[in-house]
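Each chain is listed here by its residues.
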Amino acid sequence: MHQGSVLSPLIFAVVIDVVTESAREGLMREMLYADDLVLMDDTMEGLREKFVKWKKAFESKGLKVNLGKTKVMVSGTKEKALVSKVDPCGMCGKRVKVNSVRCVKCGKWIHGRCAKIKRVTQRLARDFACGRCKNGAGRVVEQEEKLCDEIETVKEFTYLGDKVSVGGGCEATVTARARFAWVKFRECGELLYGKRFPLEMKGIVYKSCVRSALLYGSETWCLSENELGTLRRTERAMVRVMCGVKLMDRKKTEDLMQMLGLKEAVDRLAKANGVRWYGHVLRREDGHVLRRALDLEVSGPRKRGRPKKTWKMQVEEESGKVGMRMRDALNRAKWREG
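Position numbers for residues start from 1 in each chain and track the written sequence from start to end. Residue-level local features of this predicted model are given only where pLDDT is at least 70; pairs of side-chain atoms are given and counted only at 80 or more, and the full residue set underlies all totals for whole chains, interfaces and linings. The side-chain figures draw on all heavy atoms in the structure; neither hydrogens nor water molecules are used.

A. Structural view of the nonpolar core. Residues Leu-192, Val-210, Leu-223, Leu-231, Val-239 and Met-242 are the most contacted members of the largest nonpolar core, which totals 28 residues. At the level of secondary structure, the elements contributing two or more residues to this core comprise helix H5 (171–187), helix H7 (199–214), helix H8 (225–243), helix H9 (253–260) and helix H10 (266–282). Elements are defined by DSSP. Helices are runs of H or I of four residues or more, strands are runs of E of two residues or more, and each kind is numbered from the N terminus. With six residues, H8 is the largest single contributor of residues to this core. We call two residues in contact when some of their heavy atoms are within 4.5 Å. Sequence-distant contacts of Leu-192, that is, excluding residues within four places in its chain, are made with Phe-185, Lys-202, Val-205, Tyr-206, Val-210, Val-241 and Met-242. For our purposes a nonpolar core is just a set of buried Ala, Val, Leu, Ile, Met, Phe, Trp, Tyr and Cys residues, chained together by side-chain atoms within 4.5 Å. The classification of residues rests on relative accessible area computed with a 1.4 Å probe and restricted to protein chains. Under 20% of the type maximum is buried, over 50% is exposed, and intermediate values are partly exposed.

Set out below in structure tokens:
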């Protein structure tokens, strides 16, 4: 088996299938794509047992696990509050305005409500110390449970080109794809920046090389207005560059896209990709892993307030706007036209 051989992927898959036969328990909690492995469990102890079992299975056949590339991510933990870049409060991290006092020990400004003070006076401000400084050691930082000393615990990581974060959602993924799209845009800069090439040719190259990179993996994105805004701003900036137009020229984006031959905006295409993939999932049999993942319910408590919008809710809403129902997914041609 050598690199470039047609049989190499098939032989590799057969070898990995035999090597991991004793360690596999099934999908949803274990995902193996080529040599990329994802293990999931509700507890760190259960994850440690799975990791040791898979590690022994690989090492028994002479293979090694790269601990430097192995990462652990704990989802569902309380995220750190966002800290304001301007005059942050030393307790809550939000910006301080009126009725705030400065700690004489750490030098940080504290909200009156965080310090449990109704009214700040000059006498109080002379020797005020915040709650953290009064306790000496400050806030006690809970020690994170680790899988092992050699493996790093991270807040986000990239798996198969998609960025997964602790808080869920696709904000980090969309931002990463926008940056990668700009890299591709600059690689094609000689054509896209040049004035001697027709605009329609620029539009074709943009759709083939840049927009495809921007929308990679968009079939599984649950998009909020923030992510949709990121996609719109990215594409509009690229359209202006290709047309040689500045914001001061006051040209409509729709007119510029028509000149390039771009019929649909990137935000609509991202949602359409999700609806198309939804039809692909619905055409699978009930026991298929995609159908099981569609109806999967994550256990554990959630935050107060309205539940987050899920991917399933998004694609059902988008398909309902064009009059498509679940039963229509069986007709593939009709679903794609809708």
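From this point, things continue past the structure.
B. Expanded view of the pattern of salt bridges. One side-chain nitrogen of Lys or Arg within 4 Å of one carboxyl oxygen of Asp or Glu is enough to make a salt bridge. The full count for this structure, using the stated rule, is 18 salt bridges. In this structure, Glu-45 engages Arg-48 in a salt bridge whose closest nitrogen and oxygen atoms are separated by 2.8 Å. With a gap of three residues between them, Glu-45 and Arg-48 both fall in helix H2 (residues 44–59), about one helical turn apart. A relative accessible area of 44% places Glu-45 in the partly exposed class. Among the ionic pairs, Glu-152 bridges to Lys-71, the shortest N-O distance being 2.9 Å. Of the two residues, Glu-152 sits in strand S6 (residues 152–153) while Lys-71 sits in strand S3 (residues 71–72), which places them 81 residues apart along the sequence. Judged by its relative accessible area of 37%, Lys-71 falls in the partly exposed class. Because the salt bridges share partners, they merge into one network encompassing Glu-225, Arg-232 and Asp-267.

C. Quick look at the pairing of strand S8 (residues 162–165). Bridging between strand S7 (residues 156–159) and S8 involves four bridges; their strand directions are antiparallel. In the strand pairing of S8, Thr-158 is matched with Lys-163. In this structure, the hairpin formed by S7 and S8 is closed by a connection of two residues, where Leu-160 is found at a positive phi of approximately 55°. Pairing between strands requires that DSSP locate at least two bridges from one strand to the other.

D. Summary view of the packing of aromatic side chains. Here the aromatic set is Phe, Tyr and Trp, taking the six-membered ring for Trp, and pairing holds for ring centres within 6.5 Å; pairs whose planes are under 30 degrees apart are stacked, those over 60 apart are edge-to-face, and all others are tilted. Per the stated rule, a full pass over the model turns up five aromatic pairs. With a centroid separation of 6.0 Å and 40° between ring planes, the pair formed by Trp-54 and Phe-58 is classed as tilted. Note that Trp-54 and Phe-58 are positioned in helix H2 at a spacing of four residues, about one turn of the helix. Here the two residues Trp-54 and Phe-58 agree in accessibility, since each one is buried. An angle of 75° between the planes, with centres 5.4 Å apart, marks the rings of Trp-182 and Phe-185 as edge-to-face. You can see Trp-182 and its partner Phe-185 sitting in helix H5, three residues apart, about one turn around the helix. Look at Phe-185 and you get buried, because its relative accessible area is 0%. An aromatic cluster is defined as three or more aromatic residues linked by ring pairs; in this entry it consists of Trp-182, Phe-185 and Tyr-193.

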